[in-house]
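Residues per chain, in single letters:
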Amino acid sequence: MTPNDEEARRSRAKVSVAALAVLCMAAPVAFIVPALSPAPPRTEPALPSEPTQGPQRIVKNGVVVEFSLLHPGDTSDPPRPLMEGDEAEVRLRMTDASSGLPLRGLSPSAWMDLGRLLSDKADAQQECKDRVGVYLKGLVGIRPLIDLNSYYLLVLNKDPSISVIDPVVGMTGNTSLYTTVVLERPGADWVKSLDQKRLYVSMPRAGAVAVVDTNAFQVEARVLAGDEPTRVALQPDGHYLWVGNDASEPARSGVTVIDTQTLKPAARIATGRGHHEIVFSSDDRYAFVSNRDEGTVSVISIARLEKVKDLKAGTLPISLAYSALSRVLYVADGKEGTVTAFDGARLEEVARLSAKPGLGPMRFSQDGRWGLIVNPSEHTVYVVDAAENQLVHGIPVSGQPYQLGFTRAFAYVRLLDSERVEMINLSSLGRGKQPTVQGFAAGQSAPKLAGDLSIADSITQASTEAAIFVASPSDNTTYFYMEGMNAAMGSFGNYGHNARAVQVVDRSLSEVEPGVYSARLRLPVAGRYDVAFLLDAPRVLHCFHVEAKANPASKKALGALEIEYLDASARLAVGQKPLLRFRLRDASTHQPATGLEEVKVLTYAAPGRRRAEVAAREVGEGVYEVEPSLPDAGSYYLYVSVPELKLKYGDLPYRALWVGGMTQNQTKREEEARGPRAN
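Residues numbered from 1 in each chain as written. Predicted model: local features only at pLDDT ≥ 70, side-chain atom pairs only at ≥ 80, totals over all residues. Heavy atoms only, no water.

## Some points on the packing of aromatic side chains
A full pass over the atoms with the stated rule returns 14 aromatic pairs. Here the aromatic rings of Trp242 and Phe280 are separated by 5.9 Å at their centres, their planes lie at 65 degrees, and the arrangement is edge-to-face. Taken together, the residues span a long stretch of sequence, with Trp242 in strand 14 (residues 240-245) and Phe280 in strand 17 (residues 278-280) at a distance of 38 residues. You'll find Trp242 and Phe280 in the same group, each marked buried. Three or more aromatic residues joined by ring pairs form one cluster here, namely Phe410, Tyr412, Phe440 and Tyr481. Positioned over the ring face of Trp370 is Arg369, at 4.4 Å from the centre of the ring. (Phe/Tyr/Trp six-rings, centres within 6.5 Å; stacked < 30°, edge-to-face > 60°. Helix = DSSP H or I, 4+ residues; strand = E, 2+ residues; numbered from the N terminus. Buried < 20%, exposed > 50% of the residue type's maximum accessible area, 1.4 Å probe, protein only. Lys NZ or Arg CZ within 6 Å of the ring centre and 35° of its normal.)

## So, the side chain of Ser202
Note that Ser202 resides in strand 10 (residues 198-203). Owing to a relative accessible area of 0%, Ser202 belongs among the buried residues under this scheme. Within the local environment of Ser202, its side chain forms a polar contact with the backbone oxygen of Thr230, the two atoms lying 2.6 Å apart. Among residues more than four places away in sequence, those in contact with Ser202 are Pro186, Gly187, Ala188, Asp189, Ala208, Val209, Pro229, Thr230 and Val232. (Polar contact = N/O pair within 3.5 Å; in protein donor to acceptor, adjacent residues only side chain to side chain. Contact = heavy atoms within 4.5 Å.)

## Points about the environment of Ala605
Its location among the elements puts Ala605 in strand 45 (residues 600-605). On the accessibility criterion, Ala605 (3% relative accessible area) is buried. On a C-alpha basis, the gap between Ala605 and Leu630 in space is 8.1 Å, while along the polypeptide they are 25 residues apart. Residues contacting Ala605, with those up to four places away along its chain left out, are Arg610, Ser635 and Tyr636.

## What to know about the pattern of salt bridges
A complete count under the given rule lists 29 salt bridges for this structure. The shortest N-O distance in the salt bridge between Glu511 and Arg104 comes to 3.8 Å. In this pair, Glu511 is assigned in strand 38 (residues 510-513) and Arg104 in the loop between strand 3 (87-96) and strand 4 (109-114), connecting sequence segments 407 residues apart. On the basis of relative accessible area, Glu511 is assigned to the partly exposed category, the value being 30%. (Salt bridge = Lys/Arg side-chain N within 4 Å of Asp/Glu carboxyl O.)

## Quick word on the side chain of Thr95
As for its position among the elements, Thr95 is in strand 3. Classification of Thr95 as buried rests on a relative accessible area of 15%. Excluding residues that lie within four positions of it along the chain, Thr95 makes contacts with Gly62, Val63, Val64, Gly100, Leu101, Pro102 and Leu103.

## With respect to the confidence of the model for the protein
Confidence in the prediction for the protein averages 83 pLDDT; 82% of positions are at 70 or higher. This model gives residues 1-50 a pLDDT under 50, and the stretch forms 92 contacts once residues within four places in sequence are excluded. The model gives residues 117-121 a pLDDT under 50, and that stretch makes 16 contacts with residues more than four places away or in other chains. (pLDDT = per-residue confidence, 0-100.)

## Focus on the sheet that holds strand 17
If you trace the four strands from one edge of the open sheet to the other, you get 17-18-19-20, paired in antiparallel fashion. If you trace the sheet from one side to the other, it starts and ends with strand 17 and strand 20 (306-312), each paired once. Each strand of the sheet is rotated relative to its neighbour by a mean of 25 degrees, with strand direction disregarded. Relative to strand 18 (residues 286-291), strand 17 runs antiparallel, the two being bridged by three bridges. (Pairing = 2+ DSSP bridges. Axes fitted to C-alpha atoms, helices over the stretch in contact; angles between N-to-C directions.)

## Details of unusual backbone geometry
In this model, Ala537 is joined to Pro538 through a cis peptide bond whose omega is -5 degrees. Topologically, Pro538 is positioned in the loop between strand 40 (527-535) and strand 41 (540-548). Within the chain, Leu347 stands out as a residue other than glycine whose phi angle is a positive 60 degrees. Summarising the element assignment, Leu347 is placed in the loop between strand 23 (338-343) and strand 24 (349-354). Notably, His379 is not glycine yet its phi reads approximately 55 degrees, a positive angle. Of note, His379 is situated in the loop between strand 26 (370-375) and strand 27 (380-385). For His379, a relative accessible area of 32% corresponds to the partly exposed category.

## Some thoughts on the sheet that holds strand 2 (residues 63-70)
Spatially, five strands are ordered 1-2-3-39-38 in an open sheet, and the strand pairing comes out antiparallel. Whereas interior strands pair on both sides, the edge strands pair on one side only; in this sheet they are strand 1 (56-60) and strand 38. Taken over all neighbouring pairs, the strand axes of this sheet differ in orientation by 30 degrees on average, direction set aside.

## What about the nonpolar core?
By size, the foremost hydrophobic cluster in this structure holds 35 residues, and its most contacted members are Leu69 and Met112. Within the second largest apolar cluster, 26 residues are counted, among which are Leu584, Ala593, Val626 and Tyr636. (Core = buried A, V, L, I, M, F, W, Y, C linked by side-chain atoms within 4.5 Å.)

## Structural notes on the pairing of strand 20
Of the strand pairs in this sheet, strand 19 (residues 296-301) and strand 20 are connected by six bridges, and their pairing is antiparallel. Bridge pairing links Ser301 to Glu306 in strand 20. In this structure, the hairpin formed by strand 19 and strand 20 is closed by a connection of four residues, where Leu305 is found at a positive phi of approximately 50 degrees.

Structure representation (structure tokens):
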């Protein structure tokens, strides 16, 4: 067995990024389902055969697992029933069966799918094990309706697009591209919402910010954001999105403030000429906006959305950083080579530190202790100790540093003239210490060879604390590096696009209180759901059952028409070409809606892939027919629109379809890849 196969065998549902990266580098390999050994005999509460609304409890291998799926914050007894379209919260409480103490620091995995879709076996728990085995293998197209373990790598491209890469699902050695988000104009900068359900992308040439839904990976809104919207920043509480307007006219140069609830501009504030960097005080009291050509930093009251003061900090304020630890604002001046510290509450200068001209971006470590500033002309990274407001290090690096990224333990320094990424061990910093520097290659050529670069970060932390992704603009490749290794462990191509920046959107369960693991989701359709749960150590595998009721509101006609889906089966086979029929009626008279010339049908695979639109034709009085394209196995949504009546997709109730089963050749390959049967 090869090392890659061994890694795949040991992989859990929440695949470690280390094993994932090794698989990305390897030639196509067979995914092996880990043997799921039966638990020792133990008395367990019987699970109801029908779905229940309240908490469900099991005891296995010394672990008590309490599962619930409820409306967020619902404390009613009995809880309110869930319906299609509702937002729901998964909660898994795990305690030790003997002591009752919460089990902390675990990595549970869970998947939700419509009940009994992969097989017709009577043994529900055996089917659950079979499902988990399939999910673990990461086969193309075989995805649960809701995956509570996934994360996605997002690559901002030079062209108007974002590549969405699924690092967890093995694409049989060919590709890991999940989907592509098409933008109106090229993006300059981007930032995630606090819950990671949205991505805000500035588009200077469009004068707008694109709001991307990271569940469906579609642009859900376009918000006008002033002239030349470039830098974007989300304040700590997430209420306002701040957009820097790099307009040439002084009256239009400043910031546009967007309310993230209404997605409308709340204010436009002129601050001064030049490019604008934006940071915030940790208490959401002030926004600090640099005005590069004015040589000032504007202080804006977030409560009043008014400028209250201009701070003078040299002649060329190139970057800003705020330490939540010391509550001090630091302003790096590129021309004078100084770093000025301002008290974040009194807005008064408290220190001025001297480095050398040529300073660039400044960032703080995750704990707020160490502020690092790059100086490309001096091949140096300077370090500020926020505890003392002192410059404690000038660390030489092997090239021209131009970007910074952090994990908990390391600072990562991207070099402009080299493919190498330098790593500074944060534990080696401090007065009287000798900083430790090491590095690795991320690509074959220097970033500057790509030409124009993005102001957005080309380094981002992976879904675990001790790993990063690095985009190489000159190679159009993103590299995965795990701390402790001598080289990058994996890479992802960018499929013809020119990569500029990277982000990670994490969907996995997280520990919200001791022993309680939670995630939020939206129930896409009504029906019975099986919730497959897996814990690796100790081994616990079980399927819970919940139900989402039909939403009465969706049964009502939401426009001029009402719709009735007719005789097509909700379950189809791969390769089958279904004829789907539906009847449209007038909402007031209930008479057939005949003679409609423009009826369109949109289909896409969960949760937003393989979008296709086809025109429907009338085959009877008010009955319309379409042959949708459903090429792969998985869950699909189907929407109907009638543009001539101004009925958009989503105005009429949608239908869910499941494509299951395989062709003969696929079945043979599946059996070869299956390995030992899960039992």
